[in-house]
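Commentary on secondary and tertiary structure
Residue strings, one per chain:
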Amino acid sequence: MLLNEPDAKRTCDKLLSYLRADDAVVRVRSNSDSHVRFASNTITTNGSSEETSVQVTVWMNQKRGEASGNEMSDAALRRTVEQAEQIARVSPVDQEYVPSLGPQTFEPVDGYVDATANIVAADRARSMAQVTDACEKAKVSGYGFHQAGAEAAAFASKNGNFNYSRSSNVSFALTVRTPDGAGSGYFARSHFDLGKLDIGQIAGEAIRKALDSHSPRPLGPGIYTVILEPQAVADLLGFFTYAFDARRADEGRSALSASGGKTKLGEQLFDSRLQLYSDPRHPELPGSPSTEEGVPARKTWLVKDGKIETLTYSRFWARQKDTLPTPGPVNSILEGSGSLSTIEEMIQSTERGLLVSRFWYIRTVDPRTALLTGLTRDGLWYIEDGKVAYPARNFRFNQSLLQMLAPGNVPKIGVPVRTYDSGALFPALLIKEFNFSSESDAV
Amino acid sequence: MMKYSRREFVTTLGVGIGAMALPSWSMVQEEASVRGTDQAELADIAIATAKTLGASYADFRINRYRYEDIETREQQVRNVSLRQSFGFGVRTLVKGSWGFAASGAVTPQEVRRVTGLAAEIARAHSAYQRKPVTLVGAPKVVANWKSSFQHDPFEIPVEEKIRFLLGLNDIAMRAKGVSFVDSSMSLVNEQKYFASSEGSRIEQYIIRSYPYFNITAVDRDSGDFQTRGSLVGAQMMGYEFIEKYPWQAEAREASEEAVAKLKAKPVEPGQYDLVLDPSHLWLTIHESIGHSTELDRALGWEANLAGTSFITPDKTGKLRIGSKLINFVADRTQPGGLATVGYDDEGVAAQRWHLVKDGVFVDWQTTRDLAPLIGRKNSYGCLHADSWRSVPMPRMPNVSLDHAPEKVSLDDLVSGVENGILIYGDGSYSIDQQRYNFQFGGQTFWEIKKGKITGMLRDVAYQSRTTDFWGSCDGLGGKETYAMHGSYYDGKGQPMQISSVSHGCPVGRFRRVNVLNTAVRRP
């Protein structure tokens, strides 16, 4: 059972009452999670688990210590506080100490649904059986993962800040392969509301992609125009908000650092139709009501009309730079301004290019240019004269995100949708030039 | 370049402190709240409840994990945290279907409830199970096992660890041109109790240590920056790893190299012969051989995330993976190896076996439910869970490349190269979902011309195909060049679990590999 607000508050108060430290932030978190996996149309593993845990961060004479554990007896809670204090006593002064926040006002966020948190194993088993039946009917093999869970989290500071929130999430990812291994498709979605996760759509799309991607042809590496489906955009940009950290940019070790000790704040780095922001109260993508530091989360623009609008400041770095801490990001939303395009319209407008379903094994190669490598996977098609011509063999890419989103390189933008990532809402993008460096035999 | 004997340390100390069985050892129960916990009694409750509910097999794990993490930068301590996680998990096999459930509330009532839930989940899925799960047999085991270490790192005062890291940072910051240094120490202690319906009762106590640093040199005028991370990685060792490894010497060398990278010559793209140090080669082994020889991947169990494998069961004993020099051994007994255990998470004893012999793929990594699917009678003991709350799944043993039988030095291999690159340390890494096409970076790159090292290069990454790459190996170092490196955080599965695994190898030479220059124009 998830902790309710009174119980979470009681645990926070109890932890605070054990303190000898000058300042502290305590956290309590409870979560439940269950999942089922299947491969070759038959169930492989499953699991269900529950846990409640606490984390205590203290400062004694500005010296910091932290301890956490999942034993909830009074004796264990007291010991966790004592451990944190013991560490603080022997640590040097925390040069980045900023006193914990006093009472704040948090806007409520609605991202919790009981049916998601309390999913019934038998119902899920039946739903997954419908997916494997559909795969068998199409003479393909399904490999899937369905997961549902919920979390309740509260924190309290010695100076009076407190917040409690609950969230739920359900996701289903399905890979479908043809029996000869020459075709593979993937589709995945997530939602906080079990009722809004369309299992039939996911199964249908994954099966279609597997059949349509059969027997891919080699094309040879090079620069291609690409249409990135929302999942492919999420794969590339899911972690991009980290690049906006002000401290790293100020220190000269980020893609948003500039020569002469400056940063790229305010520069027109991206196409002028691109908007990147975080919004805790987005109805499709509710985020946490608070940042990790206990600052109330608010809508935060990172990129506005293609310009770097904000770099993100922690409470310490904001104090150093005489500015306010950034109230986010707590999620990641990419939108286009002006008229938006469907994937079909993007295909019709493309003389020669590639339609990309998703990317895989993405790693940063060069942080100076946010240059990533990775591979296409589970559906890549060649487009010729405005039509999907045939499936193409997978590629490895080496591509800088700064160049990919640069002015003039993003002629068309789609409507943002939730993909598999529970923290992102991304659109399909038409990218004029994208660098594929070698072919991969993998299907 | 290596000016001190890091390899000697990794080779000799790692091998010198072999794991040993401690028959009279019993689990440390330091927590007041645990003193009343009788693991055997809880296990009996779980097993009896599972049997009553129709389980043909059940196992029960009650585990405590302790983590200590210290993070510093320059002369500041950023974080010191202690974390504990304690709980139990029950796995039941009912009507040919698995059911797993876990809880962090360790009481007899909760064990009954959670065992009931595990059986209920298994029953719910059994109606749709197209192939019933079967297990190969495993001997009943009653044993205690403890990983080998000289100094328990959790017994060392926090102040001493902070002093060590800040001392390293001080050395690193002395080099002219160094701007920042981050360093950390991550310590793990696993205390595991396993019981099965077949009568096994196993206790294990495991210690792992992972110190790390990363040095950054920034050229503020040009806006350029370069980093050099530590090379040695994590080990299944105690605090002696921190005390005996030449950390200060490496920090000094790394700081100079971080600055030198700013001015190093950009690599010309093209084909080069590569000489790869074990601090680099371990990761190529991990990605291209370690994962491709997991039987669950080959059978499609991981198709929805990590992918499948270019190796399939019908290729066993037939597929040539590399040149005749190549021999890969899977080994859960290898001293110092991060995946070394006494027993796996279904009670099968640790083993050593060949995956690749004389360049040909010969065998798989298996568990009790995977082995029967390819007609095997025994498991190689590769089941692992990263927490009491995680369902156990097949995980990689230590997978190591044999060294040459004769004496071959790094210089011997370099002397046979006309136009090549010597690479130290692991950098960026990526491989496709069937483990064909890969790309690897590194920490430092050294140009080889006419058998001699002539200077530093930058912006290097190489791409190859697994069988082409291992087929191009025409030279391996001898025993003196052999060292073990590894990953603390190898991810696999859904939900994602991490595991730790090591890969021993000598220096290796690979002919005509495709090298890229990874730098692009900054907007």
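Residues numbered from 1 in each chain as written. Chains lettered and ligands numbered in written order. Predicted model: local features only at pLDDT ≥ 70, side-chain atom pairs only at ≥ 80, totals over all residues.

With respect to the overall build of chain A
- A count of helical and extended segments in chain A gives ten helices and 19 strands.
- Scaling as 2.2 N^0.38, a compact globule of 443 residues should have a C-alpha radius of gyration of about 22 Å, and chain A matches this with 24 Å.
- Taking the principal axes of the C-alpha coordinates as reference, chain A spans close to 70 × 60 × 35 Å.
- If you take every contact in chain A between residues at least 6 apart in sequence, the share linking residues at least 24 apart comes to 72%. (Helix = DSSP H or I, 4+ residues; strand = E, 2+ residues; numbered from the N terminus. Rg over C-alpha atoms; globule rule 2.2 N^0.38 Å. Contact = placed C-beta atoms within 7 Å.)

Let's talk about the overall build of chain B
- Within chain B, the secondary structure is distributed over ten helices and 25 strands.
- For 523 residues, the compact-globule formula gives about 24 Å, and the C-alpha radius of gyration of chain B, at 24 Å, lands near that figure.
- Viewed in the frame of its principal axes, chain B has a C-alpha envelope of about 70 × 55 × 50 Å.
- Within chain B, the fraction of its 523 residues that count as buried is 57%.
- A separation of at least 24 residues holds for 77% of the contacts in chain B among residues at least 6 apart in sequence. (Buried ≥ 20, exposed ≤ 12 C-beta atoms within 10 Å, placed from the backbone.)

Focus: the sheet that holds strand E9 (residues 300-304) of chain A
Residues and elements named next belong to chain A.
- Here six strands make up an open sheet; going across it, the order is E10-E9-E8-E11-E18-E17 and the pairing mixed. The open sheet has two edge strands, strand E10 (307-308) and strand E17 (417-418), and neither has a second partner.
- The sheet contact formed by strand E11 (residues 332-336) and strand E18 (residues 424-426) spans two bridges and is parallel. Bridge pairing in E18 places Ile333 opposite Leu425. (Pairing = 2+ DSSP bridges.)

Brief notes about the environment of Pro329 of chain A
Residues and elements named next belong to chain A.
- Among the secondary structure elements, Pro329 is positioned in the loop between helix H8 (315-320) and E11.
- Note on Pro329: 25 C-beta atoms within 10 Å, which makes it buried.
- Measuring from C-alpha to C-alpha, the distance between Pro329 and Thr291 comes to 7.5 Å, with 38 residues separating the pair along the chain.
- Excluding its chain neighbours within four sequence positions, the residues that come into contact with Pro329 are Thr241, Ser278, Thr300, Leu302 and Thr312.

Considering the interface of chain A and chain B
- In this assembly, 82 residues from chain A lie in contact with 72 residues from chain B.
- Taken together, the residues that form the side of chain A that touches chain B break down as 28 nonpolar, 39 polar and 15 charged.
- For strand E3 (residues 63-69) of chain A and strand E2 (residues 76-94) of chain B, the ladder comprises three bridges, and the chain directions are parallel. Within the sheet, the bridge partner assigned to Glu66 of chain A lies in E2 of chain B and is Ser81 of chain B. (Nonpolar A, V, L, I, M, F, W, Y, C, P; charged D, E, K, R; others polar.)

Here we look at the domain arrangement of chain B
Residue and element names in this part refer to chain B.
- When its domains are assigned, chain B resolves into domain 1 (6-151 + 186-216) and domain 2 (266-517).
- Taking only C-alpha atoms into account, the centre of domain 1 sits 27 Å from that of domain 2.
- If you look at the interface, domain 1 gives 39 residues, while domain 2 gives 33 residues.
- When its residues are assigned to classes, the side of domain 1 that touches domain 2 shows 20 nonpolar, 14 polar and five charged. (Domains from an automatic or database assignment.)

A word on helix H4 (residues 121-137) of chain A
- For H4 of chain A, built from 17 residues, the straight-helix expectation of 24 Å at 1.5 Å per residue is met to within 8% by its first-to-last C-alpha distance of 24 Å.
- All buried positions along H4 of chain A are accounted for by Ala121, Arg124, Ala125, Met128, Val131, Thr132, Ala134 and Cys135 of chain A.
- Where H4 of chain A is buried, its residues contact strand E1 (23-39), strand E4 (141-157), strand E5 (162-177) and helix H5 (199-212) of chain A together with helix H3 (108-126) of chain B.
- Once H4 of chain A ends, the next one or two residues include Lys139 of chain A, with phi positive near 60 degrees. (Expected span 1.5 Å × (residues − 1).)

Description of the domain arrangement of chain A
Residues and elements named next belong to chain A.
- You can read the domains of chain A as domain 1 (5-212) and domain 2 (216-443).
- With centres defined by C-alpha atoms, the gap from domain 1 to domain 2 works out at 25 Å.
- Across the contact, 34 residues belong to domain 1 and 23 residues belong to domain 2.
- Secondary structure elements with two or more residues in the side of domain 1 that touches domain 2: E4, E5, strand E6 (184-191) and H5.
- Looking at the side of domain 1 that touches domain 2, the element that brings in the most residues is E6, giving seven residues.

Re helix H6 (residues 230-237) of chain A
- Most of H6 of chain A is tucked away: eight of the eight residues are buried.
- Turning to H6 of chain A, its buried residues are Pro230, Gln231, Ala232, Val233, Ala234, Asp235, Leu236 and Leu237 of chain A.

Description of the nonpolar core
- Counting 271 residues, the largest nonpolar core has Leu174 of chain A together with Ala172 and Ile421 of chain B as the members making the most contacts within it.
- If you tally residues by element for this core, the top one is strand E6 (residues 201-219) of chain B, at nine residues. (Core = buried A, V, L, I, M, F, W, Y, C linked by C-beta atoms within 7 Å.)

A look at the environment of Leu430 of chain A
All names here are of chain A.
- One can find Leu430 in strand E19 (residues 429-439).
- Leu430 gets classed as buried once you count the C-beta atoms within 10 Å, which come to 22.
- For the pair formed by Leu430 and Leu228, sequence separation is 202 residues and the distance between their alpha carbons is 6.3 Å.
- Residues within four places of Leu430 in sequence aside, it is in contact with Ile227, Met346, Val410, Pro411 and Lys412.

Examining the packing of H4 of chain A against H5 of chain A
Residue and element names in this part refer to chain A.
- Relative to each other, H4 and H5 sit at 25 degrees, their axes nearing to 10 Å. Taken together, the axes of H4 and H5 lie roughly parallel to each other. In the crossing of H4 with H5, the sense of the turn from one axis to the other is right-handed. Contact with H4, carried on its side by Ser127, Val131, Ala134 and Cys135, involves Ile199, Ala203 and Ile207 of H5 and no other residues of that element.
- Residues that form the contact of H4 with H5 fall into these classes: six nonpolar, one polar and no charged. (Axes fitted to C-alpha atoms, helices over the stretch in contact; angles between N-to-C directions. Parallel < 35°, antiparallel > 145°, perpendicular 65-115°, else oblique. Left-handed = near helix turned anticlockwise from the far one by under 90°.)

Concerning unusual backbone geometry
- Across the junction of Gly328 of chain A and Pro329 of chain A, the peptide omega takes the value 0 degrees, indicating a cis bond.
- Looking along the chain, the bond that leaves Gln494 of chain B and enters Pro495 of chain B is cis, with omega of -5 degrees.
- Locating Pro495 of chain B in the fold gives a position in the loop between strand E23 (483-492) and strand E24 (497-505).
- Its identity as a non-glycine residue notwithstanding, Ser40 of chain A has a phi of 50 degrees, on the positive side.
- Mapping Ser40 of chain A onto the fold places it in the loop between E1 and strand E2 (42-60).
- Despite not being glycine, Arg435 of chain B has its phi angle at roughly 70 degrees, a positive value.
- With respect to the helices and strands, Arg435 of chain B occurs in the loop between strand E17 (429-431) and strand E18 (437-440).

Points about the sheet that holds strand E10 (residues 328-331) of chain B
All names here are of chain B.
- The strand order across the open sheet formed by four strands is E12-E11-E10-E15, and the pairing between neighbours is antiparallel. Each edge of the sheet is formed by a strand with only one pairing partner; in this case those strands are strand E12 (360-361) and strand E15 (398-401).
- Note that E10 and strand E11 (residues 352-357) share four bridges and pair antiparallel. Note on E11: the bridge partner recorded for Ala330 is Trp353.
- In the packing of helix H7 (residues 278-290) onto the sheet, the strands contacted are E10, E11 and E15, and the crossing angle to E15 comes to about 110 degrees.

Describing the pairing of E9 of chain A
Residues and elements named next belong to chain A.
- Looking at chain direction, strand E8 (residues 274-278) and E9 are connected through three bridges and run antiparallel. In the sheet register, Leu276 faces E9, and the bridge partner there is Val303.
- In terms of strand pairing, E9 meets E10 through two bridges, oriented antiparallel. Opposite Lys304, over in E10, you have Lys307 as the bridge partner.
- Linking E9 to E10, which pair antiparallel, is a turn of two residues; within it Asp305 sits at a positive phi near 50 degrees.

Regarding the packing of helix H2 (residues 39-52) of chain B against H3 of chain B
Residue and element names in this part refer to chain B.
- Where H2 meets H3, the closest approach of the two axes is 9 Å, and the angle between their N-to-C directions is 35 degrees. The crossing of H2 and H3 is right-handed. Contacts between H2 and H3 pair Leu42, Ile45, Ala46, Thr49 and Ala50 from the former with Pro108, Val111, Arg112, Thr115, Gly116 and Ala119 from the latter.
- By residue class, the composition of the contact of H2 with H3 is seven nonpolar, three polar and one charged.

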